[in-house]
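Spelled out from the first residue to the last, the chains are:
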Amino acid sequence: MHAPVVTTGRDLRLDLFRGIALWLIFLDHIPSNAVSWITIRNYGFSDATEIFIFISGYTAAFVYGRAMRERGIVVAGARILRRAWQIYVAHIFLFTIYMAEISYVATSFENPLYAEEMNILDFLKQPDVTIVQALLLKFKPVHMDVLPLYIILLLLFPPILWLLQRWSTLALGASLALYVAVWQFGLNLPAYPEGTWFFNPLAWQLLFVFGAWCAVGGAERLAPLVRSPATLVIAVIYLACAFVIALSWYLPEQISFVPHWLEDLIYPIDKTNLDVLRFAHFLALAVLTMRFVPRTWPMLHSWILYPAILCGQHSLEIFCLGVFLAFAGHFALVEISGSFWMQVAISAFGILAMIATAALITWYKQLEGRSPGSRSKPPDADLAGGEA
Amino acid sequence: MRAFIAVALAASTLAGRALAVDPPSCAVPDSLLFSDNSLTRVATAAGKQHQLAITVLGTGSSTLAGPEGPSLAYPARLEAALHQRLSKVAVKVSIRTKNGQTADIMRRSMKDLLVEEKPNLVIWQTGTVDAIRRIELDEFRTALEDGVETLQAGGSDVMLMNMQYSPRTESMIPAGPYVDEMRAVAQQRDIPLFDRFAIMRYWSDEGAFDFYAAGKDNGLAQRVHDCLGRAIGALVIEDGHLQPFVNKASQ
């Protein structure tokens, strides 16, 4: 048992990388988007989801951990649950937009070549079941899996945070045990119409809890390990190997250079259950980041990175906007033009819209903070409290 | 932005006009079509016995609607293409398609198929229904592996065929992970994959077809199926190491 180390001030790197992750998720969510070639999922095993979930765990522990120490488990727990509720409402709002888009397609599209693909619209025939299943978070359209994952993670978080603050190693161990159990026994939550959750919360919690563990002192404990040259060498070698293997996904089979025994060993790289290879890839990226982007990096205060930081500070709103923009962007690609330059334009426009919205939200929050009669808050809680 | 859209619109209109003048070429680059696999049973049956029995095991996208549909869909076009190019071989393509079947359901019908059709090659078209219903990838992969094994143990070569490229439903049907699984299984088992998804996407990028079209255009569907049939035929000939009687490879 040891006292949690309280880090003062907000680590802007968290905002920066969460903001970048939000952009990458947006780019990846537009189907057939040439610009998504720049996103990290093409160059290794993990993608922006890992970054997003890890940082979300870190900030949740950072923000609510302080609330728990200062005002007790009930208040902190209530705030966490309110946050989960906000995310739930946001998810249902996105679902409504999805329904609108899919209904439009259902009524306007009758190309006989795609008679089979139109079966995706079958659930419109029984809206009673579909909508209830969506409210239960069991029916989740494509690209709408992350928020339900986040909701479950937050619902489970109050006791985990309590444990983390007392016996952090035990909490991390319990999280790891659950992860192992998932792989051992194939645990997952049921989905509708069949199957299980695309992002298994029981597996992905490991990354979230690991992030939280880092926030309550784990990062300091890991620091010697992260700084050691051996770790750096291993991380670089691992990233290089992952890059070479990722390259083989995009080359024709004739020049396949990944031996069969290795393929048998590593595939499938399971995203649903957060494959160990993905987790390790994220860790390797994190090691490199910690080493080459110090907390006091002057660039963190430069105008160049400010847009990403801004987006990262309002992650829920910007994430939802990104999902919507990806829908809308795909719609524009289908209805107007799917040309390369259109894809570039939509990608750029979407990111600009995310930045502008983040700036607008900041402006609103500043207004509220200044308005008379508003509850006075500690200066950092505004940023952090709303955005765990 | 508006100017940009205007330019893009003009460009796509021009492209459309150009297509209306020239009949679309649906040639497929070798790198998208061929892999280094051998269809040994096809080679034996066609090369020595001058017979070739192919069965297409598939779902809705392996056929076309209407009374004429089956005769215009790619399995029939494949048969025609092979007839034309392998005039010394008696080619028969039988069709086993049923709507709404996942890979796992199809796998269960394979034993009957092997007994009744005695195919030298099964073209297993799957993935679409699994992606629509978001079947777990693990389950999908297991079904694929078991299915391939069953077919091979039953004396047939296997070719996998993935889903169609369907830009309008791309944001609703998560094709990507299922395409990846099929590619991985084909690669591990050293069997050919007819990458319908990538090929149709290539045609779309090249302007050979407009898959964004929303209208009820039976002509488009028929032309696409004809092109698919001929491309599959080229792959069967290549991987079966067959000598086409008349070489019309570049058509």
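Scope of this entry: the structure provided in the associated data block. (Residues numbered from 1 in each chain as written. Chains lettered and ligands numbered in written order. Predicted model: local features only at pLDDT ≥ 70, side-chain atom pairs only at ≥ 80, totals over all residues. Heavy atoms only, no water.)

### Observations concerning the overall build of chain A
When its secondary structure is counted, chain A shows 14 helices and 0 strands. Starting at the N terminus and walking to the C terminus, you meet the elements of chain A as α-α-α-α-α-α-α-α-α-α-α-α-α-α. Residue burial in chain A is summarised as follows: out of 388 residues, 54% are buried. The long-range share in chain A, meaning contacts at least 24 apart out of those at least 6 apart in sequence, stands at 79%. A distance of 16 Å separates the average location of the 24 positive side-chain charges in chain A from that of its 26 negative side-chain charges. (Helix = DSSP H or I, 4+ residues; strand = E, 2+ residues; numbered from the N terminus. Buried < 20%, exposed > 50% of the residue type's maximum accessible area, 1.4 Å probe, protein only. Contact = heavy atoms within 4.5 Å. Lys, Arg positive; Asp, Glu negative; His and termini not counted. Charge placed at Lys NZ, Arg CZ, Asp CG, Glu CD.)

### Topic: the sheet that holds strand 3 (residues 121-125) of chain B
All names here are of chain B. In spatial order, the strands read 2-1-3-4-5; together these 5 strands make up an open sheet with parallel pairing. Two strands close off the open sheet at either side, each with one partner strand: strand 2 (90-97) and strand 5 (193-194). In this structure, strand 1 (residues 51-58) lies alongside strand 3, joined through 4 bridges in parallel fashion. Each residue of the ladder has a partner; that of L57, found in strand 3, is W124. Packed on one face of the sheet, helix 10 (residues 175-189) meets strand 4 (157-161) and strand 5 and runs near 160 degrees to strand 4. (Pairing = 2+ DSSP bridges. Axes fitted to C-alpha atoms, helices over the stretch in contact; angles between N-to-C directions.)

### What about unusual backbone geometry?
All names here are of chain A. For the bond running from Y192 to P193, omega is 0 degrees, close enough to zero to count as cis. The topology assignment puts P193 in the loop between helix 6 (168-185) and helix 7 (201-227). Residue L137 is not a glycine yet carries a positive backbone phi of 65 degrees. Secondary-structure assignment places L137 in the loop between helix 3 (127-135) and helix 4 (146-155).

### Observations regarding a nonpolar patch on the surface
Residues and elements named next belong to chain A. Residues W37, Y43, F243, V244, L247, Y250, L251 and F257 make up a contiguous nonpolar surface patch of roughly 710 Å² in combined accessible area. With respect to the element layout, Y43 can be found in the loop between helix 1 (12-29) and helix 2 (48-108). On the accessibility criterion, Y43 (36% relative accessible area) is partly exposed. (Patch = residues over 30% accessible without salt bridge, like charges linked within 9 Å, V, L, I, M, F, W, Y side chains within 5 Å. Areas by Shrake-Rupley, 256 points an atom, 1.4 Å probe, with all protein chains shown as cover. Salt bridge = Lys/Arg side-chain N within 4 Å of Asp/Glu carboxyl O.)

### Some thoughts on the layout of surface pockets
Rolling a probe over the atoms, with the probe sized like a water molecule, indicates the empty space that remains. Residues and elements named next belong to chain A. Looking at the second largest pocket, its volume works out to about 1300 Å³. Along its surface, the second largest pocket is lined by 42 residues, and F54, L283, A286, V287 and M290 are the ones closest to its centre. Put simply, the parts of the chain that give the lining of the second largest pocket at least two residues each are helix 1, helix 2, helix 6, helix 7, helix 8 (229-248) and helix 10 (276-292). Of the residues that constitute the lining of the second largest pocket, the class distribution is 32 nonpolar, 4 polar and 6 charged. (1 Å grid on protein atoms, 1.4 Å probe; cavity = no way out; pocket = protein on both sides within 12 Å on 5 of 7 lines; lining within 4 Å. Points joined across faces, edges and corners; volume = space filled by probe spheres on them. Nonpolar A, V, L, I, M, F, W, Y, C, P; charged D, E, K, R; others polar.)

### A look at the state of the cysteines
Residues and elements named next belong to chain B. Evaluation of the coordinates by the stated rule reveals 1 disulfide over all chains. Two residues, C26 and C227, share a disulfide whose sulfurs are 2.1 Å apart. Measuring handedness by torsion sign, the sulfur bridge of C26 and C227 sits at about -90 degrees and is left-handed. Linking C26 in the loop between helix 1 (2-21) and helix 2 (30-33) with C227 in helix 12 (residues 218-239), this pair joins segments that are 201 residues apart in sequence. Each member of the pair, C26 as well as C227, is classed as buried. (Disulfide = S-S within 2.5 Å.)

### Description of the pattern of salt bridges
Within this structure, the stated rule accounts for 21 salt bridges over all chains. The partner of E117(B) in a salt bridge is R96(B), and the shortest N-O contact between them spans 3.4 Å. Of this pair, E117(B) sits in helix 7 (residues 110-117) while R96(B) sits in strand 2, and the two are 21 residues apart along the sequence. Overall, the relative accessible area of 22% leaves R96(B) in the partly exposed class. One connected set of salt bridges, linked through shared partners, spans D47(A), E50(A), K271(A) and R278(A).

### Describing the packing of aromatic side chains
Considering all chains together, one arrives at 29 aromatic pairs over all chains under this definition. Seen in terms of ring centroids, F52(A) and Y150(A) are 5.9 Å apart; in terms of plane orientation they differ by 80 degrees. Their pairing is edge-to-face. Placement of F52(A) in helix 2 and of Y150(A) in helix 4 is noted, with a sequence separation of 98 residues between them. The same class applies to F52(A) as to Y150(A), namely buried. Judged by centre distance (6.4 Å) and plane angle (50 degrees), the ring pair of F54(A) and Y58(A) falls under tilted. Remark: Y58(A) and F54(A) occur in helix 2; sequence separation between them is 4 residues, near one turn of the helix. Accessibility classification places F54(A) together with Y58(A) in one group, the buried group. Taken together, the ring pairs in this structure connect F109(A), Y114(A), Y165(B), F197(B), W203(B), F209(B) and F211(B) into an aromatic cluster. (Phe/Tyr/Trp six-rings, centres within 6.5 Å; stacked < 30°, edge-to-face > 60°.)

### Some points on the packing of helix 2 of chain A against helix 3 of chain A
Residue and element names in this part refer to chain A. Here helix 2 crosses helix 3 at 150 degrees, and the two axes come no closer than 10 Å. It follows that helix 2 is roughly antiparallel to helix 3 by the angle criterion. Regarding helix 2 and helix 3, the two cross each other, and that crossing is right-handed. In this structure, helix 2 uses Y88, I92, F95 and M99 to contact helix 3, whose residues at the interface are T130, I131, A134 and L135. Of the residues that constitute the contact of helix 2 with helix 3, the class distribution is 7 nonpolar, 1 polar and no charged. (Parallel < 35°, antiparallel > 145°, perpendicular 65-115°, else oblique. Left-handed = near helix turned anticlockwise from the far one by under 90°.)

### Details of the packing of helix 1 of chain A against helix 2 of chain A
All names here are of chain A. Where helix 1 meets helix 2, the closest approach of the two axes is 9 Å, and the angle between their N-to-C directions is 145 degrees. Regarding helix 1 and helix 2, the two cross each other, and that crossing is left-handed. On the side of helix 1, the interface is formed by L14, F17, R18, A21, L22, L24 and I25, while helix 2 contributes A48, I51, F52, I55, S56, Y58 and T59. Grouping the constituent residues of the contact of helix 1 with helix 2 by class yields 11 nonpolar, 2 polar and 1 charged.

### Some remarks on the pairing of strand 4 of chain B
All names here are of chain B. Of all 5 residues in strand 4, 5 are buried, a share of seventy percent or more. Alternating positions in strand 4 separate into two faces, D157, M159 and M161 on one and V158 and L160 on the other, with burial throughout. Here strand 3 pairs with strand 4 via 5 bridges, running parallel. Opposite I123, over in strand 4, you have M159 as the bridge partner. Relative to strand 5, strand 4 runs parallel, the two being bridged by 2 bridges. Along strand 5, the bridge assignment pairs L160 with L193. Tracing the backbone out of strand 4, into helix 10 and back to the parallel element strand 5 gives a crossover that is right-handed. (Right-handed = clockwise from strand over helix to strand, strands pointing away.)

### Remarks on the interface of chain A and chain B
It is common to report an interface's size as the accessible area lost on association of the parts. The interface is formed by 47 residues belonging to chain A together with 52 residues belonging to chain B. Carbon and sulfur atoms make up 57% of the surface buried where chain A meets chain B, a total of about 4600 Å² over both sides. Inspection of the chain A/chain B interface yields 3 salt bridges. A salt bridge links R134(B) to D145(A), with the shortest nitrogen-to-oxygen separation between them at 3.1 Å. (Buried area = accessible area lost by both parts, 1.4 Å probe.)

By themselves, these observations are geometric and do not establish any function.
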